[in-house]
Amino acid sequence: MCSVSHAAANFSQYNDYAFLPNYPALLHGSPPTDKSPKTEEDIVKALPDKSCSLDTIVVTKLLSSRGTNKLGDFEISYLYDPVALKAVEELREELEHISKIIKKENKTRDPPYSYLDPEEVPNSISI
């Protein structure tokens, strides 16, 4: 559960944060004190400089990367009991089935949502 929740929240960060006006790491100037409209120039002046923007992009790219194998593909197998091995195989088959469904549905989604595809979800949280 944690791995899936983490994938949903974490791996989309780069797509959101890489365009700095979406989620700037900081803003220059004072916060607005009223609801008066702001000009494009006001917004651009408030955005962070190139260096801070690049830092934000690098950090979110790193946080959005996967560090372990996909769900059900364990780096090391500690299971030797036939019942446990059968359960792992059934899990992998079910994950493959779910992945096929998501890939099929993503063909008609714009944009596709692949963050919860079992082939994209890591075995564990790894930052």
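Scroll up a little and you will see the structure.
Structural notes, computed from the coordinates. (Residues numbered from 1 in each chain as written. Predicted model: local features only at pLDDT ≥ 70, side-chain atom pairs only at ≥ 80, totals over all residues. Heavy atoms only, no water.)

A short note on the pattern of salt bridges
Moving on, step 1. Summed over all chains, the structure comprises five salt bridges.
Moving on, step 2. Linking lysine 100 and glutamate 96 is a salt bridge whose minimum nitrogen-to-oxygen distance equals 3.6 Å. One end of the pair is lysine 100 and the other is glutamate 96, both in helix H5 (residues 82–106) and four residues apart, which spans about a single turn.
Moving on, step 3. According to the relative accessible area criterion, lysine 100 is exposed, its value standing at 54%.
Moving on, step 4. Judged by its relative accessible area of 47%, glutamate 96 is partly exposed.
Moving on, step 5. Here lysine 103 ties to aspartate 117 by a salt bridge, and the two come within 2.5 Å at their closest N and O atoms. Of this pair, lysine 103 sits in helix H5 while aspartate 117 sits in the segment after H5, placing them 14 residues apart in sequence.
Moving on, step 6. Residue lysine 103 is classed as partly exposed on the basis of its relative accessible area of 36%.
Moving on, step 7. Residue classification places aspartate 117 among the buried positions, given a relative accessible area of 3%. (Salt bridge = Lys/Arg side-chain N within 4 Å of Asp/Glu carboxyl O. Helix = DSSP H or I, 4+ residues; strand = E, 2+ residues; numbered from the N terminus. Buried < 20%, exposed > 50% of the residue type's maximum accessible area, 1.4 Å probe, protein only.)

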